[in-house]
Amino acid sequence: MAKRKIILPVAIIAVIAVAVVGFAACAPSSYSTMSPALQDYYGDYGEYYNNIVKSGRVRYQDAETGLYGYLDSGGNVAIPAKYTSARAFGDGFAAVALDGNYALIDEDGNVIAGYFDSVTATPAGVIVLKDGKYGVYNKDGEVLPVTYDGIKANYSTYIIEKVGKYGLASLSGEVLIQPQYDEAIAMDDIGEDFAVSGGGLIMFGDNESGKVIYVDSDGNTLKTLYLGDTQDSAICYLGFDKYMISYVTYNSSGVPVETTGIYEDDLTTLIAELPEGTYPIPNYNMLDKNRIILNKDGGGGSVIYNIETGEAEVSKCYSLAENVSVPGRFYHILEENGAYNTYCNGEVVLTLTYEELQSIKIVSGTFRDYAYNTMTNTLTDLLTGEQLTLSREIVDVTAAEEGLFAVKNAAGDMAVCAKNGDMLSPFCYDSDSVDVMADGFIGVRNVNGRSVYEWRGFDGNLILRTAEMHIYAN
């Protein structure tokens, strides 16, 4: 999975998807708004995406043949370019294609599983297809046998299909629910963009009985509904171990009536119903463990509703949902006593003036994000509040990793800056060509009309400079 660095203005409500790495990053448990199931998932599998540190292998493409191979952490060829396609290494193995056949290889290029008709990489393993049947493999071998009619990866589970019926398996291959349901929806699919987070829940439906169940990543049923009487129109994770559930019921005249409540994580204990005339913002997330931001009907602005006291306070707010593939990375900016406070996990991590508010961009990193203030030329860690004043040459920050930032000057040339403010390279790279990683970066520069790739380490030391191959940071 490629790492996409996303930047967006603060004053826009948005929901986006970003891939994640997990090396030397803040622990995912630092995000109180991330569901426990997904905290466990990223704690166990986040390092899959950090390919250099985890596997010591980086992909390259031979400029003449177009074939792919792998380099080691010193920039030397570890596996020659012989594959028609090649995926990133993760957890010690990679999926490759050779002459139309797919296989899994180890760090020395040895085939550890194959051959298959197609492969789909996931952080916990690779979904394989052979003769119309699906299974899952990882570096240790078979996880799920190649006997299923379909397999889909959720963050912390696999949805399995046999003869049109769906069930659930763990990432280790344990079948938690035998295929028996007519419908299955993973509420946090890998690679899918969702407007809300399901907190790792999976929904199964049975057509004959009209029963719908919501299960957790261990296969435990948390809630059962019957569509004949009550239809569940929405269920989503709010953070701080709370869920929002909207029910649509029908009165005696057949008119639908919607009721929205906030529930404990057992999905049955009602904490509070939303005040009449309000509705949740698209992000469906909490400001802190007691307060949620709601919009008022008819464009009447927003209110901060305290679910513990039942009090509602009118407030101007700006909200950002920093991707649904990592639920919990939400930032709210509230106008309070003339200042604009940025909240992360219930705490104020940044205070702005109105003028600064118009000049803020969010730069996404690993398990943390940064606010770049173009007025003051400062970069603030939105998890810790730590602030860095950048060089005057820098006019934009385009990507971030743990301690490395891709930056631009007024001419549009790229460079890399360290977390302490030191410049690790000159402004010599082509616009939008720098990809920062957890322990280095790769940039492309034009030399006499030819693209030259440079791979540098965490401290800026040159590992490899070449025009003979294309180097990928993933």
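See the structure shown above.
All of these numbers come straight from a predicted model, not from anything done at the bench.

Analysis parameters
- Residues numbered from 1 in each chain as written.
- Predicted model: local features only at pLDDT ≥ 70, side-chain atom pairs only at ≥ 80, totals over all residues.
- Heavy atoms only, no water.
- Salt bridge = Lys/Arg side-chain N within 4 Å of Asp/Glu carboxyl O.
- Helix = DSSP H or I, 4+ residues; strand = E, 2+ residues; numbered from the N terminus.
- Buried < 20%, exposed > 50% of the residue type's maximum accessible area, 1.4 Å probe, protein only.
- Polar contact = N/O pair within 3.5 Å; in protein donor to acceptor, adjacent residues only side chain to side chain.
- Contact = heavy atoms within 4.5 Å.
- Pairing = 2+ DSSP bridges.
- Axes fitted to C-alpha atoms, helices over the stretch in contact; angles between N-to-C directions.

This paragraph deals with the pattern of salt bridges. Scanning all chains against the criterion turns up 11 salt bridges. Here Lys361 ties to Asp396 by a salt bridge, and the two come within 3.6 Å at their closest N and O atoms. With Lys361 in strand β33 (residues 360-364) and Asp396 in strand β37 (residues 396-401), this pair connects stretches of sequence that are 35 residues apart. Residue Lys361 is classed as partly exposed on the basis of its relative accessible area, which comes to 30%. A relative accessible area of 16% places Asp396 in the buried class. One salt bridge in this structure joins Lys408 and Asp432, with 3.3 Å as the shortest N-O distance. Linking Lys408 in strand β38 (residues 404-408) with Asp432 in the loop between β39 (414-418) and β40 (435-436), this pair joins segments that are 24 residues apart in sequence. We classify Lys408 as buried; its relative accessible area is 15%. Through salt bridges with shared partners, a single network forms among Arg445, Glu454, Arg456 and Arg465.

A word on the environment of Ser433. With respect to the helices and strands, Ser433 occurs in the loop between β39 and β40. Accessibility expressed as a relative area gives 19% for Ser433, which makes it buried. Separated by 20 residues in sequence, Ser433 and Asp413 place their C-alpha atoms 9.4 Å apart. For Ser433, the side chain forms a polar contact with the main-chain oxygen of Asp430, separated by 2.7 Å. A polar contact is formed between the side chain of Ser433 and the backbone oxygen of Val444, at a distance of 3.1 Å.

Locating Ser170 in the fold gives a position in strand β15 (residues 165-170). Of the residues examined, Ser170 reaches a relative accessible area of 12% and is grouped as buried. Leave out the neighbours within four places in its chain, and Ser170 touches Tyr158 and Leu176.

Of the consecutive residues Gly114 and Tyr115, the connecting peptide bond is found in the cis state with omega at 5°. Mapping Tyr115 onto the fold places it in strand β8 (residues 111-116). You will see that Val163, though not glycine, has its phi angle at about 50°, which is positive. If you trace the backbone, Val163 turns up in the loop between β14 (157-162) and β15. Unusually for a residue other than glycine, Asn448 sits at a positive phi of about 55°. Among the secondary structure elements, Asn448 is positioned in the loop between β41 (440-447) and β42 (450-457). Relative accessible area serves as the criterion here: at 79%, Asn448 is assigned to the exposed category.

This next bit is on the sheet that holds strand β18 (residues 202-206). With antiparallel pairing, the four strands of this open sheet are ordered in space as β17-β18-β19-β20. Where the open sheet ends on each side, the last strands, each with one partner, are β17 (183-186) and β20 (221-226). Taken pair by pair, the neighbouring strands of this sheet meet at an average axis angle of 15°, ignoring direction. Of the pairings in the sheet, the one linking strand β19 (residues 211-215) to β20 comprises five bridges and is antiparallel in character. In the strand pairing of β20, Val215 is matched with Thr221.

As defined by bridge partners, β14 adjoins β15 across six bridges and the pair is classed as antiparallel. When the bridges of β15 are listed, Lys162 appears paired with Lys165. Sheet analysis places β15 next to strand β16 (residues 175-181), joined by three bridges and oriented antiparallel. Bridge pairing in β16 places Tyr166 opposite Tyr181.

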